[in-house]
Amino acid sequence: MSTIIDGKAIAAKLRAEIAAQVKKLQTQGITPGLATVLVGEDPASEVYVRMKGNACQDVGMHSVKHTLPAETTEAELLTLVDRLNNDPTIHGILVQLPLPKQINTDTVLEAISPAKDVDGFHPYNVGRLMVGKPTFQPCTPYGIMVMLREAGVDLAGKEVVVVGRSNIVGKPVALMCLQQHATVTICHSKTRDLPSKVRAADVVIAAVGIPEMIKGEWIKEGAVVIDVGVNRVGEKKLVGDVEFAAAAQRASAITPVPGGVGPMTITMLLHNTLEAAQKTVASTR
Ligand code: GUN
């Protein structure tokens, strides 16, 4: 039976440390501020943005939510981003994705000041990640790396298989594992014989968004399993991308859904926002 990597507990510990750092920064006259921008009425995005705002308040940060109608033009959104770039009370800017069709996502992400890009999606920060330089790391992959560290997993020389190649999770987490000296394979919908790839993995990171597509019997005995999937099945039940019960029989450690990677994502957003605010102090001294 495997150890459950408790994302909720790790997140709670980190959030307490962040709250203490926020207090310290406030003694220097700075309250870290996050602006969230939601365009349209996607119900899942509304929930995420609300959770991000609440999390800020819980650690004593300032948060401002901008909700724009679905028919907002790209120019209107860019005007708001420009205003936030120049607002000294705002240290982090998060434009919730996906954006409506009339808006070019790349144009908007590139308009966010790299110094306020707490999502780590600006090509400047993506490039720095690629070459292993300090940068804002995208929140979900960053949360995964913290969980692996907290679980005592040393990636050097390990075979890591990432299933999923999104810009938000799959690609950046692969780069971060490479940076920690793992041998990384990125699998996707065109990969031939996925089961054999997963069977060879010491660490499996599943980020595909398909309920339980990674079968428990594919997991190597003693492997570590990180499940990024949050898939709603039926009215209430949430399942990951991995068949949890069967995988847990074989894995040495595994993240649950819910209560695994999910709570870490927002925690790392708080971490990045704190860091953005701390840098403004450092740069004005
Ligand atoms: N949509 C899904 N995940 C994310 C995320 O991490 N950041 C933003 N901005 N939008 C998202």
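Look a little higher up for the structure.
What counts, and where the lines are drawn
Residues numbered from 1 in each chain as written. Predicted model: local features only at pLDDT ≥ 70, side-chain atom pairs only at ≥ 80, totals over all residues. Heavy atoms only, no water. Helix = DSSP H or I, 4+ residues; strand = E, 2+ residues; numbered from the N terminus. Buried < 20%, exposed > 50% of the residue type's maximum accessible area, 1.4 Å probe, protein only. Core = buried A, V, L, I, M, F, W, Y, C linked by side-chain atoms within 4.5 Å. Contact = heavy atoms within 4.5 Å. Pairing = 2+ DSSP bridges. Axes fitted to C-alpha atoms, helices over the stretch in contact; angles between N-to-C directions. Near = heavy atom within 4 Å. Polar contact = N/O pair within 3.5 Å; in protein donor to acceptor, adjacent residues only side chain to side chain. Areas by Shrake-Rupley, 256 points an atom, 1.4 Å probe, with all protein chains shown as cover. 1 Å grid on protein atoms, 1.4 Å probe; cavity = no way out; pocket = protein on both sides within 12 Å on 5 of 7 lines; lining within 4 Å. Sits in = over half its atoms within 2 Å of the grid points. Left-handed = near helix turned anticlockwise from the far one by under 90°. Nonpolar A, V, L, I, M, F, W, Y, C, P; charged D, E, K, R; others polar. Points joined across faces, edges and corners; volume = space filled by probe spheres on them.

A. Representation of unusual backbone geometry within the structure. Residue Leu97 is joined to Pro98 through a cis peptide bond whose omega torsion reads 0 degrees. Inspection of the secondary structure assignment puts Pro98 in the loop between β4 (92-95) and α4 (105-111). Not every positive phi belongs to a glycine, and His181 is a case in point at roughly 70 degrees. Structurally, His181 can be placed in the loop between α7 (170-179) and β6 (183-187). The exposure class assigned to His181 is exposed, which follows from its relative accessible area of 58%. Phi at Glu212 takes a positive value of approximately 50 degrees, unusual for a residue other than glycine.

B. Summary view of the nonpolar core. Of all hydrophobic cores here, the largest spans 51 residues; its most connected members are Ile144, Leu148, Leu155 and Ile205. Listed by contribution, the elements that provide at least two residues to this core are α1 (7-26), α2 (43-58), α6 (139-150), β5 (159-163), α7, β7 (203-206), β8 (224-227) and α10 (261-284). It is α10 that contributes the most residues to this core, ten residues altogether. When sequence neighbours within four positions are dropped, the list of residues in contact with Ile144 reads Val169, Val173, Ile205, Ile226, Val228 and Val261. Core analysis: the second largest hydrophobic core is formed by 18 residues, Ala206, Ala247, Ala248 and Ile254 among them.

C. Local environment of the sheet that holds strand β3 (residues 62-68). Spatially, β3-β2-β4 is the arrangement adopted by the three strands of the open sheet, whose pairing is parallel. Strand pairing shows two members of the sheet lacking a second neighbour, β3 and β4, which therefore form its edges. Strand-to-strand twist in this sheet, taken as the mean axis angle between neighbours without regard to direction, amounts to 15 degrees. As judged from the seven bridges shared by strand β2 (residues 33-39) and β3, these two strands associate in the parallel manner. Paired with Gly33 across the bridge in β3 is His62. Against the sheet, α2 makes contact with β2, β3 and β4, and its axis sits at roughly 170 degrees relative to β2, the strand it touches most.

D. Broad picture of the site of the ligand. In the vicinity of the ligand, the residues found are Leu94, Val95, Gln96, Leu97, Asp119 and Phe121. Taking Leu97, its main chain carries an N or O atom lying 3.0 Å from a nitrogen atom of the ligand. When the ligand sits alone it has 280 Å² of accessible area, and the protein chains cover 81% of it. Its atoms largely coinciding with the cavity grid, the ligand occupies the largest pocket.

E. Seen up close, the side chain of Asn272. The residue Asn272 is located in helix α10 in this model. By relative accessible area, Asn272 is classed as buried at 1%.

F. Highlighting the packing of α6 against α7. For the pair α6 and α7, the least separation of the axes is 8 Å and the interaxial angle reads 35 degrees. Here α6 runs over α7; the crossing is right-handed. Here α6 contributes Pro141, Tyr142, Ile144 and Met145 to the contact with α7, which in turn contributes Pro172, Val173, Met176 and Cys177. For the contact of α6 with α7, the per-class residue count stands at eight nonpolar, no polar and no charged.

G. Examining the layout of surface pockets more closely. What the largest pocket holds in volume is close to 1,400 Å³. Around the largest pocket, the lining comprises 48 residues; the ones closest to its centre are Tyr48, Thr140, Val230, Gly262 and Thr265. For the lining of the largest pocket, the secondary structure elements donating two or more residues are α2, β4, α6, β9 (231-233) and α10. Size it by volume and the second largest pocket reaches roughly 490 Å³. If you trace the second largest pocket, you find 26 residues lining it, with Gln137, Tyr142, Met145, Val146 and Arg149 closest to the centre. Secondary-structure elements contributing two or more residues to the lining of the second largest pocket are α1, α6, α7 and α10. Of the residues in the lining of the second largest pocket, the class split is 14 nonpolar, eight polar and four charged.

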